[in-house]
Amino acid sequence: MRNRTAIWPALALTAPLVLFLACTYALPFLGVALWSVTLPELGTGQYQRLVGDPLVASVFVRTFRICLIVTVVAVAAAYAITYVWVRGSRLQRRVIEICIFVPFWISLLTRAFGWLALLSNRGLFNSWMQALGLIDGPLALVRNEPSVIAGMVHVLIPFAVLPLASAMRAVDERVLLAARGMGASRLRIFWSVFLPLTLPGVIGATLIVFVFSLGFFVTPAILGGGRSIMVAELVYLRMFQSPDWGLGAAISVALVIIVAALMALLSRFARLALTGGGK
Amino acid sequence: MTTRAVGIQAIGIGKSFGHFEALKDISLDIAPGEFLTLLGPSGSGKTTFLMVLAGFQAATAGRLLSDGTDITRSRAEDRSFGMVFQGYALFPHKTVAQNIAFPLQVRGMAREEIARRVDAIIARVGLVGHEKKRPTMLSGGQQQRVALARALVFEPPVLLLDEPFSALDKHLRGRMQEEVARLHGEFGTTFVFVTHDQSEALSLSSRIAIFNHGRLLQVGGPRDIYERPQSRFVAEFLGEINLLPVDEVGHCSLGTSGLFEGARLRAPRHDHVSGRAVLAVRPEHMSVGAEPPANGNGVAARLAGTTYLGAAMRLALATRNGTQLTVTLPSEAAGRVLTGGPDFWVTWSFDNGFLLPEQS
């Protein structure tokens with residue numbers, strides 16, 4: 001009885017959000033889903049192209065490859081950064097907060113152009129290296145996969161830092177002291193105690209970063225310079241550069257399904273981590 | 001399985017955190033194989049001293065010797081004393097057997113030897129059948145046993161215990177105290193135990209060291225400390241005590257005496273007090289009667305209330321000038337006494353009183 005009375009105000013209060021999402025997201029997405037099976041004619045032809053068309057398939061493969069590398073690099077870097085952030089001195093913590101969270105508020109576009117300014121043929125890096133006489137001509141540092149990866153890692157590290165920090169803060173200091181008291185070295189304590197205890201955070205960070213990276217558009221578009229196209233850019237190209245709305249819609253639907261599946265996986269892991277699998 | 005026990009000598013140990021002095025000039029000899037309890041209220045420095053012994057915190061003054069070897073600067077991982085933490089600090093991601101095996105793995109022991117020792121100690125602490133469980137699946141008492149087994153399995157020369165029973169209910173606490181006392185007897189290791197519970201300290205220890213405000217006030221056997229405290233703080237901390245303010249303290253061949261509400265009360269000789277002092281008597285050492293006592297050690301008081309405690313009865317009385325007295329009597333004896341009243345004589349044997357300085 002109490003539950004029943006308590007549930008209605010809760011529903012009433014959340015209803016605007018649900019309505020808003022329905023109008024601005026769910027309905028338009030249903031429209032896109034409709035295009036994917038109706039344009040240019042009724043049928044599943046566009047979905048067959050997802051697998052059959054070598055161009056589309058190669059973009060999917062490249063996207064997954066880039067996203068995997070980005071995820072591994074970003075999570076590993078974030079782990080080290082978070083470790084110092086959570087366990088370091090006050091000065092170290094301040095430096096990390098400035099380096100990680102200030103860029104967080106700066107637009108994606110600005111940061112991508114920042115990388116361009118640094119790495120392009122007439123950018124800071126190449127001109128300084130040439131001025132110093134270390135290289136003869138400019139190195140091709142942008143418009144390739146490594147620069148896309150660097151730009152994406154830069155954007156995604158803060159997203160990995162937050163779940164890792166909560167996992168690291170949950171580690172009981174006395175457990176680490178106990179390991180020391182039993183004669184364990186720092187390295188041993190890290191591998192046998194600290195890392196296993198923060199593994200739920202690593203899994204959470206990995207899924208969050210991977211899911212986010214799949215939909216990246218601005219960073220790969222600018223730093224890839226049209227050479228290493230990822231899925232989101234392909235959707236844009238199909239929609240706006242060539243009249244191929246059906247294929248663009250099918251790719252979008254496929255991407256949403258993949259992301260939804262990963263999110264379901266993520267919430268399962270998050271529950272596991274909460275209900276004592278890890279802690 | 002008997003371990004070589006080690007004695008520890010603390011010489012003038014001090015520990016400061018900025019301007020705050022957590023430990024001031026602690027000198028204490030811990031004998032090999034003894035069960036020493038560090039007792040004091042929270043913030044008294046007892047846990048800080050344990051952390052200095054363990055090597056988790058560095059002393060800012062003084063020296064620490066282990067069987068004559070200076071270990072003041074050696075790291076916790078090199079001292080390798082066993083430690084049972086408050087809240088146990090078990091590895092939540094490891095099973096019971098893996099938790100206990102960890103210190104042996106750290107020492108690079110062979111797999112079969114580890115398995116043999118882990119099985120042996122699991123049997124000794126009564127955890128057979130729980131080997132594959134995670135700590136979260138165990139009761140408080142079982143987690144406590146895992147913590148003890150993990151701290152003892154590598155046969156450390158010293159076992160440090162930081163308030164190990166604080167999370168247990170009263171019944172379980174009693175059982176685990178017996179268990180710890182048994183393990184101390186069996187292993188023969190030096191035990192250093194921290195608690196704020198004076199009854200726990202009195203029942204378990206071979207010696208007790210009383211801490212307050214970062215100072216070591218008194219060290220001695222439980223009976224010694226309980227019956228012959230050297231300060232008001234120690235007297236009051238170890239249990240309920242009646243304090244009668246006396247003046248005109250004088251010494252004679254028979255002992256020391258002081259004036260309380262016009263009556264001269266006597267106690268064994270205490271040369272270090274003079275002028276004004278307090279005469280201290282434990283409630284269980286007092287009795288109540290209708291007549292003034294023959295030995296002269298008695299004060300007139302009026303009964304203010306009684307509390308029934310089962311085996312004993314607690315009587316609250318007040319003297320003519322309003323000094324509160326508490327007397328505990330066996331229930332049966334109390335029943336006989338309380339037929340009269342409300343004015344009584346509170347009496348005690350000359351040997352059971354002691355004089356303490358007025359201050360402290």
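Only a predicted model underlies this, so the values are computations on that prediction, with no experimental measurement involved. (Residues numbered from 1 in each chain as written. Chains lettered and ligands numbered in written order. Predicted model: local features only at pLDDT ≥ 70, side-chain atom pairs only at ≥ 80, totals over all residues.)

### Some details on the overall build of chain B
Stated formally: The helix and strand labels rest on DSSP assignments: H or I over at least four residues marks a helix, E over at least two residues marks a strand, and numbering proceeds from the N terminus. Partly exposed residues are those falling between the two cut-offs: more than 12 but fewer than 20 other C-beta atoms within 10 Å of their own, whereas 20 or more means buried and 12 or fewer means exposed, with C-beta atoms placed from the backbone. What counts as a contact here is a pair of residues whose C-beta atoms, placed from the backbone, lie within 7 Å.
A count of helices and strands for chain B gives ten helices and 20 strands. With the C-alpha coordinates of chain B rotated into their principal frame, the extents come out at 75 × 45 × 35 Å. Burial statistics for chain B: of 360 residues in total, 42% are counted as buried. In chain B, of all internal contacts separated by at least 6 residues, the share reaching a separation of at least 24 is 65%.

### Quick look at the overall build of chain A
When helices and strands are tallied, chain A shows twelve helices and zero strands. Considering only C-alpha atoms, chain A reaches an extent of 80 × 70 × 35 Å along its principal axes. The buried share of chain A, taken over its 279 residues, is 31%. Put simply, 76% of the contacts in chain A that link residues at least 6 apart link residues at least 24 apart.

### Section: the nonpolar core
Note the cut-off: Note on definitions: a nonpolar core is a set of buried residues drawn from Ala, Val, Leu, Ile, Met, Phe, Trp, Tyr and Cys, linked by C-beta atoms within 7 Å.
Within the largest apolar cluster, 112 residues are counted, with the highest numbers of intra-cluster contacts made by I100(B), A149(B), L160(B) and V192(B). With sequence-adjacent residues up to four places away left out, A149(B) is seen in contact with I100(B), I121(B), I122(B), V125(B) and L127(B). Core analysis: the next-biggest nonpolar cluster, separate from the first, contains 48 residues, V161(A), L164(A), A167(A) and A205(A) among them.

### Some words on the domain arrangement of chain A
Residue and element names in this part refer to chain A. For the record, the criterion: In this entry, domain limits derive from an automatic or database-based domain assignment. When residues are sorted by character, Ala, Val, Leu, Ile, Met, Phe, Trp, Tyr, Cys and Pro go into the nonpolar class, Asp, Glu, Lys and Arg into the charged class, and all the rest, Gly among them, into the polar class.
Under the domain assignment used here, chain A contains domain 1 (1-38) and domain 2 (53-274). For domain 1 versus domain 2, the separation of C-alpha centres amounts to 31 Å. Taken together, the contact pairs four residues of domain 1 with six residues of domain 2. Tallied by class, the residues present in the side of domain 1 that touches domain 2 amount to three nonpolar, one polar and no charged.

### Considering the domain arrangement of chain B
Where the parts come together, the accessible area they lose is often given as the size of the interface. Assigned domains of chain B: these are domain 1 (8-232) and domain 2 (240-357). Summarising the inter-unit geometry, the C-alpha centres of domain 1 of chain B and domain 2 of chain B are found 39 Å apart.

### Looking at the environment of T323(B)
Residues and elements named next belong to chain B. Tracing the sequence through the fold places T323 in the loop between β17 (312-319) and β18 (324-330). Among the residues examined, T323 registers 16 C-beta atoms within 10 Å and is labelled partly exposed. Between the C-alpha atoms of T323 and G275, which are 48 residues apart in sequence, the distance is 19 Å.

### Regarding the sheet that holds strand β7 (residues 158-162) of chain B
Residues and elements named next belong to chain B. Stated precisely, the cut-off is as follows: When DSSP finds at least two bridges between two strands, those strands are taken to pair. An axis is simply a line fitted to the C-alpha atoms; with a helix, the fit covers only the stretch in contact. Between two such axes, the angle follows the N-to-C directions and lies from 0 to 180 degrees.
Across the sheet, six strands lie side by side as β6-β7-β8-β3-β9-β10; this open sheet has mixed pairing. On the outer flanks of this sheet lie β6 (82-84) and β10 (215-220), each paired with one strand and no other. Across the sheet, the axes of successive neighbouring strands diverge by a mean angle of 15 degrees, strand direction being ignored.

### Things to note about the confidence of the model for chain A
Residues and elements named next belong to chain A. Put simply, the rule is: Known as pLDDT, the predictor's per-residue confidence is scaled from 0 to 100.
On average, residues of chain A score 87 in pLDDT, and 95% of them reach the 70 mark or higher. Within chain A, the lowest mean pLDDT, 83, falls on helix α12 (residues 245-274), and the highest, 94, falls on helix α3 (residues 54-87). The low-confidence segment residues 275-279, where pLDDT is below 50, has ten contacts with residues more than four positions distant or belonging to other chains.

### Comments concerning the pairing of β7(B)
All names here are of chain B. Stated precisely, the cut-off is as follows: Whether a crossover is right-handed depends on one test, that the path from the first strand over the helix to the second runs clockwise when the strands point away from the viewer.
A large share of β7 lies buried, amounting to five of its five residues. Judged by which residues are buried, β7 turns out to be covered on both faces: V158, L160 and D162 on one side and L159 and L161 on the other are all buried. The pairing of β6 with β7 spans three bridges and is parallel. Bridging from a neighbouring strand, M83 pairs with L160 of β7. Both β7 and strand β8 (residues 190-195) contribute to a ladder of five bridges, which runs parallel. For L159, the partnering residue across the bridge sits in β8 and is F191. In this view, the connection linking β7 to its parallel neighbour β8 by way of helix α6 (residues 170-187) has right-handed handedness.

### Regarding helix α7 (residues 145-169) of chain A
Stated precisely, the cut-off is as follows: A helix is expected to span 1.5 Å for every residue after the first. Given a residue, its bend is the angle between the two axes fitted to the seven residues that end at it and to the seven that start from it.
Between its terminal C-alpha atoms α7(A) stretches 35 Å, which fits the 36 Å expected from 25 residues at 1.5 Å a residue. Taken as a whole, α7(A) carries its principal kink of about 35 degrees at L156(A); the proline P158(A) stands between one and four residues after it.

### Observations concerning the interface of chain A and chain B
Listed as interface residues are 18 residues of chain A and, on the opposing side, 19 residues of chain B. Only α8 (173-181) and α9 (186-214) of chain A provide two or more residues apiece to the side of chain A that touches chain B. Here the side of chain A that touches chain B takes six residues from α8(A), the largest share from any one element. Partitioning the side of chain A that touches chain B into residue classes produces eight nonpolar, five polar and five charged.

### Let's talk about the sheet that holds strand β15 (residues 286-289) of chain B
The pairing of strands in a sheet happens through backbone hydrogen bonds and is either parallel or antiparallel. Residues and elements named next belong to chain B. The five strands lie next to each other as β15-β19-β16-β17-β18, forming an open sheet whose pairing is antiparallel. This sheet does not close on itself; its edge strands, each paired only once, are β15 and β18. With direction set aside, neighbouring strand axes in the sheet form an average angle of 45 degrees. In the sheet, strand β16 (residues 298-308) pairs with β17 via seven bridges, with the strands oriented antiparallel. The residue of β17 that forms the bridge with T307 is R314.

### Some remarks on unusual backbone geometry
The phi torsion at Y88(B) lies on the positive side, around 75 degrees, for a residue other than glycine. Overall, the presence of 24 C-beta atoms within 10 Å leaves Y88(B) in the buried class.

### Comments concerning the pairing of strand β11 (residues 242-252) of chain B
Residue and element names in this part refer to chain B. As paired elements, β11 and strand β14 (residues 275-281) share six bridges and run antiparallel to each other. By the bridge assignment for β14, P245 is matched with V278. Across four bridges, β11 lies against strand β12 (residues 255-260) in antiparallel orientation. Bridging from a neighbouring strand, C252 pairs with G255 of β12. Once β11 ends, the chain turns through two residues before running back antiparallel as β12.

### Things to note about the confidence of the model for chain B
Across chain B, the average pLDDT comes to 88, with 98% of residues at or above 70. Scoring the predicted complex yields pTM 0.79 and, for the interface, ipTM 0.78.

### Observations regarding the packing of helix α4 (residues 90-104) of chain A against α7(A)
Residue and element names in this part refer to chain A. What counts, and what does not: Handedness of a helix crossing follows the sense of rotation of the near helix relative to the far helix, less than a right angle counterclockwise being left-handed and clockwise being right-handed.
At a minimum axis distance of 9 Å, the contact between α4 and α7 shows a crossing angle of 115 degrees. Judged by the twist between their axes, the crossing of α4 over α7 is left-handed. Packed against α4, whose contacting residues are I100, F101 and F104, the element α7 presents I157, P158 and V161 at the interface.

### Some remarks on the packing of α8(A) against α9(A)
Residue and element names in this part refer to chain A. Closest axis-to-axis distance for the α8/α9 pair is 11 Å, and the angle between their directions is 145 degrees. Here α8 runs over α9; the crossing is right-handed. Judged by residue contacts, V175, L176, A179 and R180 of α8 engage I189, V193 and F194 from α9.

### A look at the environment of G353(B)
All names here are of chain B. Checked against the element boundaries, G353 lands in the loop between β19 (343-348) and β20 (354-357). Take G353: there are 25 C-beta atoms within 10 Å of it, and that puts it in the buried class. Spatially, the C-alpha atoms of G353 and R282 are 8.0 Å apart, while their sequence positions differ by 71 residues. Leave out the neighbours within four places in its chain, and G353 touches L265, A267, L279, A280, V281, N297 and W348.

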